[in-house]
Structures are given as C-alpha cells and as structure tokens.
Amino acid sequence: IIWTPMRNLRISLARSAKRTVSSARLLSYNSCNAQRRLQTFTTFAAGQQRHRTLWDRFPQDVLRVARSTSRALTTTTEAREVMEYDVLIVGAGPAGLSAAIRLKQIASQSGNDLSVCVIEKGAEVGAHIISGNVFEPHALDELIPDWKSKGAPLKTEVSQDSFLFLTGNESHFKIPQMLMPASLDNHGNYIISLGDLVRWLGTQAEELGVEIYTGFAAAEVLYGGEGSARAVLGVATGDVGVGKDGARKDTFARGIELRARQTLLAEGCRGSCSEDVMAAMALRAGRPPQTYGIGLKEVWEVDPARLRPGLVQHSVGWPLDAQTYGGSFMYHMAPDRVLVGMVVGLDYKNPHLSPYYEFQRWKTHPEVRKHLEGGRCVSYGARALNEGGLQSIPKLTFPGGALIGCSAGFVNVAKIKGTHTAMKSGIVAAESVAAALAEQGGQAVAAGGGGGGGPP
C-alpha cells in the first residue's frame, strides 16, 4: 500500500517519459475516524504495452470503497423518480412469479385490488433461467390446479429412473432401485424446460394484472428508519449512461426508486439485494453458514430415434475423486432433447480442479457418450446453487418484506430439486403478505391510496 503525497506522485510520474496519465480521480473515505485522500493514476506505455498501475497496487477493499464513493459522488446530486406499489417482487423466477400470481388470486377473491410489480434483470422473463429440470408438480397443482388445460409446458413425464456409480473412465455399476431412497423416486414428475415454464408463469401473472418489467436490475436496497424501526422500503434500479471512468455521458439517466409496502426478494442464489438485507438485518445470526456448489448444464439436440423420453439418469463417482462433493445427471425430454449437467461443491480441496473440464471429461464415459453421439449442443450455462439444506436457511422475514426461493436457500438437497420448494415459498409468502396488508389497513396503492403508513 502506497500513501504518497500528491507532490511526490507528480514528480515520480514526470520522470517516466514513456508514461502518460490517462485518468486521475481524487477519492476520500473515512477509516478509523480519520479522513484520508487517495489519488490513483492509470498509466500505459507507448505501443499499448500495459504497465502495472498504482490502482492495481491498492487492496481490493480500498478499491471497493473508492468505486462506491465515486459512484455516489457522480449520481446522488439529483432526485430519482419514484413509483409506488403494494407489493414489489425482485426476480421473475419460479418463486417470484408464484408469489405474484397468488397475491393477485387473493386480491381477486377478497375484492381488494393490490398493485403487484415484478422486476427482472433479464431481457425477457426466463432469460436467466438455466433450462433442463425434473419438476415436481405439487406446488403448481396448488397454485394453478387447471394448469394442463391452460397449456403449461409439462409434456414429458418421467418413465424410468437410473442411478449409476462410475468407477472409472469406462466402468460403472448400476445401483438397484430397491436400494435407492424414496426421495430420489421421480415417478410422477416431469422433465421440463424450466425457462419455458417460467415464461408460461409470466403470461399467467400478466393475465391477472401483475406488472412485469424486464431489463431492470435492482441495484440498491432502500431502507428507512433507524435501529429497531429500520425497514426495507423497496429497491432502486441502477443509473445508466455512466462511463467506465465514473463520469456521466450524454445518455445519463438516474435510476428509478420502486417503493412498496412489502418487498419480496426472489433473486436466486447469492442475490445482491438479498445478501445486503441479510447482512443489514442480521438474518443469518445463529444459523449455520450456507454452502454452495456450481452447476453446469448443456442441452443437446439428438436424433429422435436415439431418444428415450422420460429417462432420468443420475450418477456419482468418476471423474470426481473421493475428496470432491458432486454428481451428474442426464434427462431425456421429448421430442429430441437430452439435458446433461454436473454439480460440484465449491469446497473442493484440489485448487487446480476445473468443474467445467471435469464436466467435459464426464461426457466421454460410455454410459454418457452413447446418448449424445451424433447430436449437437444447442445451449449451455452455469449457475451457483445453495447446498446447505434446511439448517442453513436464514430468518426469512424482515420489516418490510421477506426472502423467498433460492434467495433464502430453498433447495431440497436430498431430492436434488428446488423448483417446487421455491414456488411453495412464494405461495406461502404471498398469503402472509396479503394477510399482513389487510391487518395493517389503509387504502391500497392500487386504489390510489398511500398504503396506510410504513411496512408492517
């Protein structure tokens, strides 16, 4: 760490004839009740040869403070537009959309209109959903009992379960079904594209009057009150038109404040707003820490003649060693899709292990390769997964809202499933929120009222 007076920095930079100052920013931050000033310069050598910069030498925590201070100085000089709702839901995934649908159902049954807004960072609903899923329909049966007649994209019912232990790059043995726990029995479930299901849920929500805004990411949680009276008031979207140097461009526009009587965070695993609220409200106090894995998935198009619709095959073992927690899966979905993937716990001991390359090695095993030969990969993706289980779920409610879905960690690890539990959490949260708003009283925002005061 270099704390050099401004004069000495100018002298040292002037002595380097090949260097030119490309940017300079004076930042201040408070540490141990003392104000310190930090000046950083980014320099480049002639011929586009990059030299190590003073910016690179500062510790990352200082840089984070510097960047946030810079953004604050750049963007907080003018007020943001404010939009008000009864309920705001951050994230248009299974949990968020289930909550929105249930809220509107309750409002319709009670005759009290509620304004419900869902914001989604993806360009469209389902854009950030990794497709390929064995779906347990219990929560959907509860939410939309007539989903079949409404055209829900659940077409391929599970017809065969298989569990393999891969003992080497060409060897394996099959674990008899009679020895498998009931939690891994998938009969009655469906092999689906989760992206298609979420898009369908989005249309159902909009038909009920839910406002869904895609392409808007929640960048900041809005708080009100102090101490025990502190509450979440909503979120704000990020400013646009800000250059990489932090300066405003001609296209600059302030973000929008979305305020609500209740805010449901359904961002998924490690959502930024969810993590902020958990820290600010101490929701993890007394809970075991959450653990995480990374899931990699590919969707393959194969010859329909080679497809076995309804086949669900899980495997453990090779190529992962005994010190690495993880497993793999393969699902056959009509008419011509094979969905493959691998999950690796992020506590693996080998620092040189690459989950992606282990996934690619796994596909070369004869029991996997034979299902993919002659096909082509049409889509792929990866995402973080909660793996801590029930004991790692934080306190779910806070003044002004709640955590739902994978924001809270509702993955049933024993079942290797989380969509149905995410949807159920959204349903339960919606019923609790509707009851709380009714108990609080006041005119609903949807009716043009102020909502009866602060968050319950």
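About the criteria used
Residues numbered from 1 in each chain as written. Predicted model: local features only at pLDDT ≥ 70, side-chain atom pairs only at ≥ 80, totals over all residues. Heavy atoms only, no water. Helix = DSSP H or I, 4+ residues; strand = E, 2+ residues; numbered from the N terminus. Contact = heavy atoms within 4.5 Å. Areas by Shrake-Rupley, 256 points an atom, 1.4 Å probe, with all protein chains shown as cover. Pairing = 2+ DSSP bridges. 1 Å grid on protein atoms, 1.4 Å probe; cavity = no way out; pocket = protein on both sides within 12 Å on 5 of 7 lines; lining within 4 Å. Points joined across faces, edges and corners; volume = space filled by probe spheres on them. Nonpolar A, V, L, I, M, F, W, Y, C, P; charged D, E, K, R; others polar. Buried < 20%, exposed > 50% of the residue type's maximum accessible area, 1.4 Å probe, protein only. Expected span 1.5 Å × (residues − 1). Core = buried A, V, L, I, M, F, W, Y, C linked by side-chain atoms within 4.5 Å. Axes fitted to C-alpha atoms, helices over the stretch in contact; angles between N-to-C directions. Salt bridge = Lys/Arg side-chain N within 4 Å of Asp/Glu carboxyl O.

Caption draft 1: Summary view of the overall build of the chain. The helix and strand inventory of the chain stands at 10 helices and 22 strands. Contacts in the chain between residues at least 24 apart in sequence constitute 70% of all its contacts with a sequence separation of at least 6. Working note: accessible area of the chain is about 22600 Å², and carbon and sulfur atoms make up 52% of it.

Caption draft 2: Representation of the sheet that holds strand E6 (residues 156–157). The strand order E5-E9-E6 describes an open sheet built from 3 strands, whose pairing is antiparallel. The open sheet terminates on both sides in strands that have one partner only, identified here as strand E5 (133–135) and E6. Both E5 and strand E9 (residues 190–192) contribute to a ladder of 3 bridges, which runs antiparallel. Its bridge partner being in E9, Asn 133 is matched across the sheet by Ile 192.

Caption draft 3: Spotlight on empty space enclosed by the protein. Overall, the coordinates contain 2 cavities of 30 Å³ or more when judged by the stated rule. Of the volumes computed, that of the largest cavity is approximately 60 Å³. Lining of the largest cavity is provided by Asp 161, Ser 162, Phe 163, Gln 177, Met 180, Leu 184, Asn 186 and His 314. Among the elements that take part in the lining of the largest cavity, strand E7 (residues 160–166) stands out by supplying 3 residues, more than any other. When the residues that make up the lining of the largest cavity are grouped by side-chain class, the tally is 3 nonpolar, 4 polar and 1 charged. Here the second largest cavity defines a volume of roughly 30 Å³. If you trace the second largest cavity, you find it lined by Leu 164, Leu 166, Gln 313, His 314, Ser 315, Trp 362 and Val 368. Sorting elements by how many residues they give to the lining of the second largest cavity places strand E17 (residues 311–317) first, with 3 residues. By residue class, the composition of the lining of the second largest cavity is 4 nonpolar, 3 polar and no charged.

Caption draft 4: Summary view of the pairing of strand E16 (residues 292–301). Extensive coverage of E16 is indicated by the burial of 7 of its 10 residues. Pairing between E16 and strand E19 (residues 337–345): 9 bridges, direction antiparallel. Counted as the bridge partner of Gly 293 is Gly 345 from E19.

Caption draft 5: How the structure looks around helix H10 (residues 419–440). Its 22 residues place the ends of H10 31 Å apart at the C-alpha level, agreeing with the 32 Å of an ideal helix rising 1.5 Å per residue. Each element contacted by the buried residues of H10 is listed here: strand E3 (81–90), helix H4 (94–110), E5, helix H5 (138–143), helix H6 (194–207) and strand E15 (256–265).

Caption draft 6: Region of the structure containing the side chain of Gln 313. Mapped onto the fold, Gln 313 is located in strand E17. In contact with Gln 313, not counting residues within four places along its chain, are Ser 162, Leu 164, Ser 328, Phe 329, Met 330, Glu 367 and His 371.

Caption draft 7: Spotlight on the nonpolar core. Core analysis: the biggest nonpolar cluster contains 45 residues, and Ile 89, Leu 103, Leu 140, Leu 154, Leu 201 and Leu 264 have the highest contact counts within it. When contributions to this core are tallied by element, the ones reaching two or more residues are E3, H4, strand E4 (116–120), H5, E9, H6 and H10. If near-sequence neighbours (up to four positions away) are discounted, Ile 89 is found in contact with Gly 96, Ala 99, Ala 100, Leu 103, Val 116, Cys 117, Val 118, Ile 119, Leu 264 and Ala 266. Formed by 22 residues, the second largest nonpolar core is a distinct cluster that contains Leu 88, Val 277, Leu 283 and Ala 408.

Caption draft 8: A look at the environment of Ile 191. Residue position: Ile 191 is located in strand E9. Each residue touching Ile 191, except ones within four places of it in the same chain, is listed here: Asn 133, Val 134, Thr 156, Val 158, Gly 310, Leu 311, Val 312, Tyr 331, His 332, Met 333 and Leu 339.

Caption draft 9: Fine view of the sheet that holds E16. Read across the sheet, 7 strands follow the order E8-E7-E17-E18-E19-E16-E20 without closing on themselves; strand pairing throughout is mixed. With one partner strand each, in any of the chains shown, strand E8 (172–174) and strand E20 (376–386) form the two edges of the open sheet. Ignoring strand direction, the axes of neighbouring strands in this sheet form an average angle of 20°. The pairing of E17 with strand E18 (residues 326–333) spans 4 bridges and is antiparallel. Following the sheet pairing, Val 312 is matched in E18 by Tyr 331. The strands that helix H8 (residues 355–362) touches are E7, E16, E17, E18 and E19; relative to E19, the one it contacts most, it runs at about 135°.

Caption draft 10: Inspection of the pattern of salt bridges at higher detail. Applying the stated criterion across every chain, the model contains 21 salt bridges. Between Glu 275 and Arg 270 there is a salt bridge, with its nearest N and O atoms 3.2 Å apart. Residue class for Glu 275 comes out partly exposed when judged on its relative accessible area of 21%. Taken together, the shared-partner salt bridges in this structure form one network comprising Arg 80, Glu 220, Glu 257 and Arg 259.

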